[in-house]
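Chains, contacts and geometry: an overview
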Amino acid sequence: MTQPREQNSLQILEIKDISVAYGTKTAVDGVSLQILRGEIFGLLGPNGAGKTSLLSTVEGLVKPIAGKVIVDGTDIRDNPALVKSKMGVQLQATSFHSQLSIKQLIKLYAGLYGVRMAPSEITAKLDEIGLVDAVSKPFKELSGGQQQRLSLLIATIHNPNLLLLDEPTTGLDPQSRRQLWGRIERIRKAGGSILLTTHSMEEAQTVCDRVAIIDHGKIVSCETPQNLIEKHKEDEKVKEVARGAVTLEDVFIGLTGGEIRD
Amino acid sequence: MTSTGESLVERNPNSRVMFRSLFEADLIALKGNRRSLILSIVLPLIILLTTSTHKAQQSLGGTLLIIGLAIIYGLMSTSMLGYALNVARDRDKGVFQRLRVTPAPTWMIMTSRLGVQVIANLIISLVVVIIGASIHHLTLTPGQYALVIAISIIGGAVFLSIGQALVGLLRSPDTVNAAGRVVFISLALLGIVGLNGALGSAVETASRWSPTGTIMTLFSGVLNLARWSSTDSLSLLACMIYILVFAGIGIRWFSWAAE
């Protein structure tokens, strides 16, 4: 049910008791989260913890078996098109039509969000991300960093209120990663809110205002990175894995265990 | 529509604008795949050229049936191999998932794809019927051309629905490709060998009511309207049933994600 917007004016995204299952396997188990306007929120978790399933539910790609997702006061089930128009999404593995050039891709996705872009505007946008010379190239011919920059440009083509990034820096070199962090920060300064998943504790600590650690489909802890460290630095398991001063990574491993997940 | 730089819209994006954007992109993709389109025309042209002798025409039931057969092979090739494989590959790469996170509804994404494929089918049918009429020295009236195109649309829909059923039931592009070839060869053989009765009356009957056989009957019927019979009407009904059944299977079990 849609909630009155006045009550949620501080929240851009509200996830209420979401459960996701694939057959008999429960991927997300009664998760509730709120993302505030102007906030960069990190979702951390080992492989298979439920990060992508939760994000996919917010994106409308996965139907939850219980719970609701409310974006800017609108339940995604009530008006999926409106909710999707308020979100920008960068998927973990993005692929676009292989026959389309970069310019044609931008035109396509602008049209899907109802944004009219003159050729000069497309050129200016591509210039901003250093891809103006690649305007006629297909997506697959770009390097990993270029693909990532274009994906982010397309995800933000309509100035979304909420940006969802699924492991946005995976496979990027340090320079590209720093550039991306800068872009994320600029999006926040322009009024956007960001929910991202990451395996990089450095990224979470540097970029995120708050982080939630998810494991076995449940939220284990949700705090600012600094508070998370303060709260758990005396835990036996955390102290066991720490090498010197306790870091976010130590807390993460302490809370989720040291075994390798596939 | 909004212009860039403004904050978000408070209403749904315009459906017409969304569909136009999708359709334009799919048309560009079709142009990018023009080699596949040309190859879908080559096979029918080979059939037309190799059957231009009087003997060949007689054994295959006449000129009009040969043109119908050629069109059918073109439609089968582009719908069951081209369309199904492209959809399976795009699904595997995540193209559909990327589109699904936009405000565009899934029916719109699929309608755009199918719409572009219908255009490809029309191009193939027109090229084959024009060249076929020229090679076989036939003079068709504008009405007959219109009827041939109408049957091409129905025939294309039958094979598109079979292609949709393939991508609905099978996930991997390699499996879709392999299964598409098997179905293609089976239906092609039914069309060439089955219909002439060489394999017995049971096979001939099965062939006549197969997707290939029913569409050939329709081509034959519309090119000789004076002899339109109840068999032609039943063939039309059979085509509609094929479309409903295969499209139903293809839509019911279609998965947008690779896994």
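Residues numbered from 1 in each chain as written. Chains lettered and ligands numbered in written order. Predicted model: local features only at pLDDT ≥ 70, side-chain atom pairs only at ≥ 80, totals over all residues.

**As for the confidence of the model for chain B**
Residues and elements named next belong to chain B. Short version of the rule: Think of pLDDT as the predictor's per-residue confidence, scored from 0 to 100. Two residues qualify as being in contact provided that their C-beta atoms, derived from the backbone, are within 7 Å of each other.
In this model, chain B carries an average pLDDT of 87, and 91% of its residues clear a pLDDT of 70 or more. Under a pLDDT of 50 for its full length, residues 1–9 has, in the predicted model, 22 contacts with residues more than four places off or in other chains. Interface confidence for the predicted complex, given as ipTM, is 0.89, next to a pTM of 0.87.

**Observations concerning the packing of helix α3 (residues 102–112) of chain A against helix α1 (residues 15–32) of chain B**
We count it as follows: Axis definition: a line fitted to C-alpha atoms, over the contacting stretch in the case of helices. Angles run 0 to 180 degrees between N-to-C directions. Counting from the N terminus, the helices are the DSSP runs of H or I reaching at least four residues and the strands are the DSSP runs of E reaching at least two. Every angle not falling under 35 degrees, over 145, or within 65 to 115 is termed oblique; those three ranges are roughly parallel, roughly antiparallel and roughly perpendicular. Note on convention: the crossing is left-handed when the near helix lies turned anticlockwise from the far helix by less than a right angle, right-handed when the turn is clockwise. Any residue that is not Ala, Val, Leu, Ile, Met, Phe, Trp, Tyr, Cys, Pro, Asp, Glu, Lys or Arg is counted as polar, Gly included; the first ten are nonpolar and the last four charged.
Between α3 of chain A and α1 of chain B, the shortest axis-to-axis distance is 7 Å and the interhelical angle comes to 155°. It follows from the interaxial angle that α3 of chain A and α1 of chain B lie roughly antiparallel. Crossing hand, α3 of chain A versus α1 of chain B: left-handed. In contact with Gln104, Leu108, Gly111 and Leu112 of chain A of α3 of chain A, α1 of chain B contributes Val17, Met18, Arg20, Ser21, Ala25 and Ile28 of chain B. Of the residues in the contact of α3 of chain A with α1 of chain B, the class split is six nonpolar, three polar and one charged.

**Brief notes about the domain arrangement of chain A**
It is common to give the size of an interface as the accessible area that goes away when the parts come together. Residue and element names in this part refer to chain A. This is how the line gets drawn: Each domain span listed reflects an automatic or database assignment of domains.
Each assigned domain of chain A is listed here: domain 1 (1–86 + 164–173 + 183–257) and domain 2 (93–159). A C-alpha centroid distance of 27 Å is found between domain 1 and domain 2. Every contact between the two is made by seven residues of domain 1 and, on the other side, seven residues of domain 2.

**Section: the sheet that holds strand β8 (residues 162–166) of chain A**
Residue and element names in this part refer to chain A. This is how the line gets drawn: At least two DSSP bridges between two strands are needed for those strands to be called paired.
Spatially, β6-β8-β9-β3-β10-β11 is the arrangement adopted by the six strands of the open sheet, whose pairing is mixed. Two strands bound the open sheet, and with one partner strand each, they are β6 (87–90) and β11 (218–223). Looking at each pair of strands side by side, their axes are set apart by 15° on average, direction ignored. In this structure, strand β3 (residues 40–44) lies alongside strand β9 (residues 193–198), joined through five bridges in parallel fashion. What sits directly across from Phe41, in β9, is Leu195. Docked against the sheet, helix α1 (residues 51–59) engages β3, β6, β8, β9 and β10 (210–215), running at close to 145° with respect to β8. Together, β3, β10 and β11 form the strand contacts of helix α10 (residues 248–256), whose direction differs from that of β10 by roughly 30°.

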